[in-house]
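# Reading the structure
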Amino acid sequence: MIVKAKNKINIFIVDDNKVFSMALKADIEDAFADLVIEIFTFETGEKCKRRFMQVMPELVILDYYLNSADFGAADGIKVLDWIKQENEETNVIMLTSDDHIDIALKSLKHGASDYIVKTETQFRKINYSLLNFFKMMEAKVEARRYKRILAALFICVALLIIGVTAIQIFMPSQL
Amino acid sequence: MNNSESENRNLNVCDLKYLNDLMGGKKHLVKGVLDVFLIQIPEELQCINEAVTKINYAVIKGYAHTMKSTVSIMGISCLTDILQEMEDLSASSTDIENIIMLNQKLNLICNKAIEEIENEKHNYV
């Protein structure tokens, strides 16, 4: 895998189908074996909410039809709204069995970073999306590092200029 | 693989090749999914049967939808069209007779799948 693991990445899978969640969890762990990833699975958005504030996951893989069998449960869009309200930084990949453009647009409009249709190639698509996400995370970390280096460099140059100016003012004969 | 094993595989409703590939051949992971399947499917069948008896289209649609993901992972391809049809019919709240007939097929195939997986599970210890 191209991306390098530095810090642990927490991922939530929220899907009311336990077989699907287990298979996806195992597949991600296998595909990104060289990364430090912890995956939590939840059957409902309500259960995910309870743990969300403690873990603050970097990524949530969320099923659109969370209430397909449990009609009292919150649907994917409601959970997505809640996640974005609690932490704008958390990325959400929305999953659905329906290939409807309306659902895709709705998910993206509500802040999902990707939208994947559950088909035979679903796990491969999810892994590609995850790979992009990890690369993006790495790029952000690198950008922050360069920003710090640049700031340090700026301070050094500023101090040097101040030093030289001070010498020019107070001890002109030294130069 | 001898001939009888090959014939049995052809008669099977489940094809665990996809699941095995997904799990990277790790037997303990495959067994974990099989165990969950053996708990989940009878529960879902019971709920869908009750919904068909009560003619509750919304519940039939919900469970047919959920089961589609499960059967695709377990390689029960013969159920994909049946579940899709059940979902479509219940979405339009029509043709309960057809839904009953499809549900009978669903039960038959799921019970066969459960039987197969109960037997197959021992190979993943």
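Model, not experiment: these values are computed from the prediction.

### Points about the pairing of strand β5 (residues 114-117) of chain A
All names here are of chain A. By the bridge criterion, 4 bridges tie strand β4 (residues 91-96) to β5 in an arrangement that is parallel. Bridge pairing in β5 places I93 opposite D114. Handedness of the crossover joining β4 and β5 through helix α4 (residues 101-109) is recorded here as right-handed.

### Structural notes on unusual backbone geometry
All names here are of chain B. Of note, the phi angle at I55 is positive, near 50 degrees, even though the residue is not glycine. The exposure class assigned to I55 is partly exposed, which follows from the 13 C-beta atoms found within 10 Å. Backbone geometry places S93, a non-glycine residue, at a positive phi of 50 degrees. Structurally, S93 is set in the loop between α5 (80-91) and α6 (96-120).

### Examining the environment of E29 of chain A
All names here are of chain A. Here E29 is to be found in helix α1 (residues 18-31). On a C-alpha basis, the gap between E29 and I39 in space is 8.2 Å, while along the polypeptide they are 10 residues apart. What E29 contacts, discounting residues up to four positions off in sequence, is I37 and I39.

### Considerations on the interface of chain B and chain A
The interface is formed by 19 residues belonging to chain B together with 17 residues belonging to chain A. Listed by contribution, the elements that provide at least two residues to the side of chain B that touches chain A are α2 (17-22), α3 (27-53) and α4 (57-73) of chain B. Of the residues assigned to the side of chain B that touches chain A, the class counts are 9 nonpolar, 9 polar and 1 charged.

### Here we look at the domain arrangement of chain A
Each domain of chain A was delimited in the assignment, giving domain 1 (9-139) and domain 2 (144-174). Just the C-alpha atoms count here: the centres of domain 1 of chain A and domain 2 of chain A sit 48 Å apart.

Procedures and definitions
Residues numbered from 1 in each chain as written. Chains lettered and ligands numbered in written order. Predicted model: local features only at pLDDT ≥ 70, side-chain atom pairs only at ≥ 80, totals over all residues. Pairing = 2+ DSSP bridges. Helix = DSSP H or I, 4+ residues; strand = E, 2+ residues; numbered from the N terminus. Right-handed = clockwise from strand over helix to strand, strands pointing away. Buried ≥ 20, exposed ≤ 12 C-beta atoms within 10 Å, placed from the backbone. Contact = placed C-beta atoms within 7 Å. Nonpolar A, V, L, I, M, F, W, Y, C, P; charged D, E, K, R; others polar. Domains from an automatic or database assignment.

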